Number of protein chains: 2
Amino acid sequence: MTRIRHQSLDCSPGCAVEATLQLIDGKWKGVILYHLLQGTLRFNAIRKRLPNITQRMLTTQLRELERDGFVLRTVYPEVPPKVEYSLTQRGRTLKPVIMALKAWGDEHTAFGYVTETCADQNDLLTSAAKGIE
Amino acid sequence: MTRIRHQSLDCSPGCAVEATLQLIDGKWKGVILYHLLQGTLRFNAIRKRLPNITQRMLTTQLRELERDGFVLRTVYPEVPPKVEYSLTQRGRTLKPVIMALKAWGDEHTAFGYVTETCADQNDLLTSAAKGIE
DNA sequence: CCGCATCCTCTTGGATACTG
DNA sequence: CAGTATCCAAGAGGATGCGG
């Protein structure tokens, strides 16, 4: 979306709205934050929850969330590697926002948008999970 | 941001979060909705509140909001033309979301992001206003 | 006053292949 | 397992000029 980071936006009273949006935009950040709200997750655990995301995307989105101070990345020096992602204190402050987004979506996408082909994708998800583990 | 519209997303429980985000994303939609929450506005009235937006962008963003059923566009057949934008019923259901975004921004951008060069831009805003009206 | 049309640039993000 | 690197397509979004 090409929002400019850490710079002036429009500076009108609605400025704060945009400022927040620019932090959680990025095609997958909303969902990632949502899932992390429910607890710490490993890299592939997140992937399994986001069937359509590519490794590259997941990595970059997580890096951005980390840079913005929302997500904590913990690397365990083991073989095989293990990396856990959890929300920081700051990340948890986004909970009301994420929940508001989810609440609206739950109420208003039921009649109209999204909803289809979900079955297919969940199939993909579970079979992918089998293949991985 | 290239979110896919009206299609399956990731279909995980966080689906609703993304579904909502994809509707209010677009570089300016958040702020536009915020301002319209406070009442009906004419085209140039919105422009004055968004110093950095181009006509083209304002038009396209408004059209998308209209298409998604959030905004009502009323054209008065006068000379010079007069067009008013207001929120629909559905648009007003987004209020909790917008407010959550604003609340977070107000609390968390004060110490860190945005805040600078606002003076300059507000100057531009007022002088532009003088030139127009 | 409120646009639309055109052109053009830059970012986002997808596909794929390779590493410690 | 959890990445990185490279390449590439699509489209968001800026600048500018015209029109009713």
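Position labels on residues start from 1 in each chain and follow its written sequence. A letter from A marks each chain and a number from 1 marks each ligand, given out in the order of writing. In view of the model being predicted, local features appear only for residues whose pLDDT reaches at least 70, and side-chain atom pairs are presented and counted only at 80 or more, with totals across whole chains, interfaces and linings using the full set of residues. Water and hydrogen atoms were dropped before computing side-chain values, which therefore reflect all heavy atoms in the structure.

A. Layout of the pairing of strand S3 (residues 82-87) of chain A. Residue and element names in this part refer to chain A. Two strands form a pair only when DSSP identifies at least two bridges running between them. Every helix listed is a DSSP run of H or I at least four residues long, and every strand listed is a run of E at least two residues long, numbered separately from the N terminus. As defined by bridge partners, strand S1 (residues 41-42) adjoins S3 across two bridges and the pair is classed as antiparallel. Bridging across to S3, Leu 41 finds its partner in Tyr 85. Across six bridges, strand S2 (residues 71-76) lies against S3 in antiparallel orientation. Bridge pairing links Arg 73 to Tyr 85 in S3.

B. The arrangement of the packing of helix H2 (residues 29-36) of chain A against helix H6 (residues 95-108) of chain A in detail. Residue and element names in this part refer to chain A. It is at 10 Å that the axes of H2 and H6 come closest, and there the two elements cross at 110°. In terms of axis orientation, H2 runs roughly perpendicular to H6. Across the interface between the two elements, Gly 30, Leu 33 and Tyr 34 of H2 pack against Ile 98, Met 99 and Lys 102 of H6. Looking at the contact of H2 with H6, its residues break down into four nonpolar, one polar and one charged. The angle between two axes is taken between their N-to-C directions and runs from 0 to 180 degrees, where each axis is a line fitted to C-alpha atoms and a helix contributes only its stretch in contact. Angles are sorted into four bins: roughly parallel if under 35 degrees, roughly antiparallel if over 145, roughly perpendicular if 65 to 115, and oblique for all others. Contact between two residues is taken to exist if any of their heavy atoms lie within 4.5 Å; hydrogens are not considered. Amino acids are sorted into nonpolar (Ala, Val, Leu, Ile, Met, Phe, Trp, Tyr, Cys and Pro), charged (Asp, Glu, Lys and Arg) and polar (every other residue, Gly among them).

C. Structural view of the packing of aromatic side chains. Only centres within 6.5 Å qualify two rings of Phe, Tyr or Trp (six-membered ring in Trp) as a pair; their planes then separate them into stacked at under 30 degrees, edge-to-face at over 60, and tilted for everything else. Summed over the entire model, instances satisfying the criterion amount to two aromatic pairs over all chains. Positioned over the ring face of A:Tyr76 is A:Lys82, at 4.8 Å from the centre of the ring. Consider the ring centre and the ring normal. A charge sits over the ring if Lys NZ or Arg CZ is within 6 Å of that centre and within 35 degrees of that normal.

D. The arrangement of the protein's contact with DNA strand C in detail. We call a residue near a molecule or strand as soon as one heavy atom of that residue lies within 4 Å of the molecule or strand. Near DNA strand C lie 24 residues; those nearest to it are A:Lys27, B:Thr59, B:Arg63, B:Arg73 and B:Tyr85. For DNA strand C, the backbone portion of the atoms within 4 Å of the protein, that is sugar and phosphate, comes to 66%. B:Arg73 is positioned such that a nitrogen or oxygen atom in its side chain is 2.5 Å from a phosphate oxygen of DNA strand C. Within the backbone of B:Pro81, one N or O atom sits 3.4 Å away from a sugar or linking oxygen of DNA strand C. N or O atoms within 3.5 Å of each other form a polar contact, as long as, within protein, one can give a hydrogen and the other can take it, and as long as residues adjacent in sequence are counted only when both atoms are side-chain atoms.

E. Spatial organisation of the domain arrangement of chain A. Residue and element names in this part refer to chain A. For each domain, the first and last residues come from an automatic or database assignment. Segmenting chain A into domains produces domain 1 (1-92) and domain 2 (94-133). Listed per partner, the contact involves 14 residues of domain 1 and 13 residues of domain 2. Throughout, the accessible surface (probe 1.4 Å) given up by two parts as they are put together, summed over both, is called the buried area. Between domain 1 and domain 2, roughly 1,100 Å² of surface is buried when both sides are summed, and carbon and sulfur atoms account for 73% of that area. Ranking the residues of domain 1 by area buried against domain 2 places Tyr 34, Leu 37 and Lys 48 at the top, with a combined share of 44%. Counting the contacts that link domain 1 with domain 2 gives three residue pairs in polar contact (both at pLDDT 80 or more).

F. Quick look at the packing of H2(A) against helix H4 (residues 55-67) of chain A. Residues and elements named next belong to chain A. Look at H2 against H4: their axes get within 10 Å of each other, and the N-to-C directions meet at 70°. Comparing the axis directions of H2 and H4 gives the class roughly perpendicular. Residues Lys 29, Ile 32 and Leu 33 of H2 pack against Leu 58, Gln 61, Leu 62, Glu 64 and Leu 65 of H4. The class makeup of the residues in the contact of H2 with H4 is five nonpolar, one polar and two charged.

G. Looking closely at the protein's contact with DNA strand D. As a structural note, the neighbourhood of DNA strand D is formed by 22 residues, with A:Arg63, A:Arg73, A:Tyr85, B:Lys27 and B:Arg56 the closest of them. Restricting attention to atoms of DNA strand D within 4 Å of the protein, one finds that 65% of them are sugar or phosphate atoms. One of the side-chain nitrogen or oxygen atoms of A:Arg42 is found 2.9 Å away from a phosphate oxygen of DNA strand D. At 2.5 Å, a side-chain N or O of A:Arg73 approaches a phosphate oxygen of DNA strand D. Of the residues forming the surface near DNA strand D, the biggest block, four residues, is contributed by H4(A). For the surface near DNA strand D, a count of residues per class yields ten nonpolar, five polar and seven charged.

H. Structural context of the sheet that holds S3(A). Residues and elements named next belong to chain A. Within the open sheet, the three strands sit side by side as S1-S3-S2. Their pairing is antiparallel. Looking at the sheet topology across the chains shown, the edges are occupied by S1 and S2. Contacts from H2 reach S1, S2 and S3, with the element oriented near 90° to S3.

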